[in-house]
Structure formats: structure tokens, C-alpha cells
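Structural description and commentary
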Amino acid sequence: MRRLTPVIALAALAGCAHQAPQAAPPDPQAQKALAVKATAAKAAVARAAHANELGQIPVIMYHRVIAHPATSDDQTPKQFREELERMAAEKYVPITAAEYVSGKIGVPAGTHPVVLTFDDSSPSQVTLDATGNPEKDTAVGILLDVARAHPGFRPVATFYVTRDMFGKFTPEEQTQVLTWLHDNGFDLGNHTRDHIDLRKQDRKAVVEQLTAGNHLITGHGLAAPSTLALPYGNLPATKSWARSGDGYKFSGVFLAGYDPAESPFGTRFNALEIPRIRSGPKTGECKQFCSAAWLDWLNKHAGQRFTSDGDPTTVAFPKFDRAFLAKTWATKALPY
Ligand SMILES: [Zn+2]
């Protein structure tokens, strides 16, 4: 018979028949064995999923989605839809820029996170009709439609806004569109108030632009953004001015080219210079360094792409890559 624990024994002696039974105190040996077993089970899941949470993540940069593109940055609704459908078919799941920089990557096992970013807050990205629903040929309308057809493809994205504010001029209309985006899981980021090239500005002007850029969002009762996308991809003369100053502090600063981004858990992650990939077909100036080319490359080099183990509490990766794990994430490491 099992020996009575002191608490239960005392209760029995005192004749406390009505007292709720106490759980036996944890046996450290058994606890340890259980933890080892749980870790082994998690590692098996990670191995089966070919998880590599130290791999690269494409952060795609979009501008306008319009029927008649005027520059190579613009896409037609058809091009945009086809790119989203391609990513859904290739097991990409969108996450926001805020989630990416903070390492909150909760996508299913075997899938790959992708960050969809939209610059310059044009009405082609989101326009709401009179009842508050997005127009169907806007980027948001198309993204929601693709997500409906591909369960698991999360309809989330990050919008880097300027004073152009989706073509809305009154504070009330701006509040409506920003609040709608926030309430529907979209992320808002800073792109400076006036879309200026920060490389040419002194510190005072940089601080003023970034503080005012934050105010474009916080002025409507929303939280300050956690990320910045640099206009033209240009950092200020002193890079750290972009990261924090009176009135702003960013967890991530995004450039405008040309590679897939590093895992936020890796030693190569640099929060101050996160690359983005321009969306575009594999032709002309986009032959090598736009989205179609990079998505092909990531398919071909699957071992270098971020693949999730489905568990947001761990950072899973093949043991061989351990040297690339940033020290700050060591407690979550799940090498296999
Ligand atoms: Zn821009």
C-alpha cells in the first residue's frame, strides 16, 4: 500500500473526513521522466514536419493593386490574386510584421510563414463600402476572398501608412478605415508622415517624421506601431535614429530589397535592417530578386526556408544548425 503523505496522514488522524483529498506531492524523478518524454514527442513532431525555425521568411512588399499598373511596383488584381493562390498552394501562411519581429509565429506544422506588407496607404489597398465591407478588387478584398477559398491561409497583412491614409481626408473616415483594419486582425506600421527619404535628413527631422508617423495611427485611438518601413528603403545617416527616439520605438525596421528575411530566432537577424522582397514576375529587372524568383528559390532550397513545427512555444531546428540560434531564444530551443 502507498505510504500516506504527511498532509493526508494528519488529516486522517484528525478525522477530517470531509476534507478534499490532497494530491500527492510531485515526485521529481517521475516529473523529469515525463518532461523528457514530452520533449521527445515534440521533437518527433518537429522532425516529421521537417521543421526549421531558423530558416528564412519572405517578407513581400506591395504597393498599389490597380487595373492599369503605372509603375513596376503596381500589380493588377489578377496578378495579386495569383501570387496569393500560389503561396496558399505552397503552404505559406501569412503572419504580420509585428508577429514576425516578436517571434510570435503560430502557424501549423509543416507550413511556412510569409509577411505581406503594403506601402503608402493607397485606396487600392483597402476601401470600405457604405456598409463597412472592403471593395472586392482592393488588396484586402482579394486577400479575404483567397483566404475563404483556402482555409488556413490567414488573411493578415501589415499596412505602412503615410498621411495619404487610403485616400481618406476627414478624421472620421480615417478612423473608420484604420479601426476596421485593426479590428480585422491587420497590422499598422509607420512609413513616415510625408514619405521622405530619411537618408538626407538631420536627427531633428528624422525624429519629427517618425513621431508624426506614429501619431497618424495613435491619433485615432490605436496602439503605437511596432514596426517601421523606410521610404525608399533608406536608413538615416545614423542608423539608430530609425529605431527609437522621443515619441517612437520600433521592434523592427524594414528595408525595400532584395532578399528573404532571416528568422527572428537566428543569429543573423538584424532588427534594424530587415530585407523585403518586391512583388513581381520573373522577368526583366525582376528576373532574380522579386517574389516569383524568390518563391522558386525557396522551393528549391527548402532546407533554408522557415518551416514550423506547429508549436509557438518552441524554436525547432535540426541539431546541426544549433550554432545559428540566437542566445535570447535558447530556453525555447527544440533541436532534433
Ligand atoms: Zn513608400
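This text follows the structure it describes.
Let me begin by describing the structure that accompanies this report. Since the model is a prediction, treat every value here as computed from it, not as a measurement. (Residues numbered from 1 in each chain as written. Predicted model: local features only at pLDDT ≥ 70, side-chain atom pairs only at ≥ 80, totals over all residues.)

A closer look at the environment of Leu272
Along the chain, the position of Leu272 falls in the loop between strand E9 (252-254) and strand E10 (277-278). Taking the C-alpha atoms as reference points, Leu272 and Lys239, separated by 33 residues in sequence, lie 7.7 Å from one another. (Helix = DSSP H or I, 4+ residues; strand = E, 2+ residues; numbered from the N terminus.)

Concerning the pairing of strand E4 (residues 158-161)
Here E4 shows two buried faces, one formed by Thr158 and Tyr160 and the other by Phe159 and Val161. Inspection of the sheet shows strand E3 (residues 112-119) paired to E4 by three bridges, in the parallel sense. Bridge pairing in E4 places Asp119 opposite Tyr160. At this point the chain moves from E3, through helix H5 (residues 139-149), to the parallel E4, and the crossover so formed is right-handed. When E4 meets strand E5 (residues 187-190), the two strands line up parallel, connected through four bridges. Pairing of Tyr160 across the sheet is with Gly189, part of E5. Once the chain exits E4 it traverses helix H6 (residues 171-183) before rejoining the sheet at E5, and the crossover so formed is right-handed. (Buried ≥ 20, exposed ≤ 12 C-beta atoms within 10 Å, placed from the backbone. Pairing = 2+ DSSP bridges. Right-handed = clockwise from strand over helix to strand, strands pointing away.)

Describing the packing of helix H3 (residues 77-89) against H5
Packing of H3 against H5 brings their axes to within 10 Å, and their N-to-C directions diverge by 35°. H5 is crossed by H3, and the crossing has right-handed handedness. Contacts from Pro77, Phe80, Arg81, Leu84, Glu85 and Ala88 of H3 reach H5 at Ala139, Ile142, Leu143 and Val146. For the contact of H3 with H5, the per-class residue count stands at eight nonpolar, no polar and two charged. (Axes fitted to C-alpha atoms, helices over the stretch in contact; angles between N-to-C directions. Left-handed = near helix turned anticlockwise from the far one by under 90°. Contact = placed C-beta atoms within 7 Å. Nonpolar A, V, L, I, M, F, W, Y, C, P; charged D, E, K, R; others polar.)

Interpretation note: all reported values are geometric properties and have no functional meaning in isolation.
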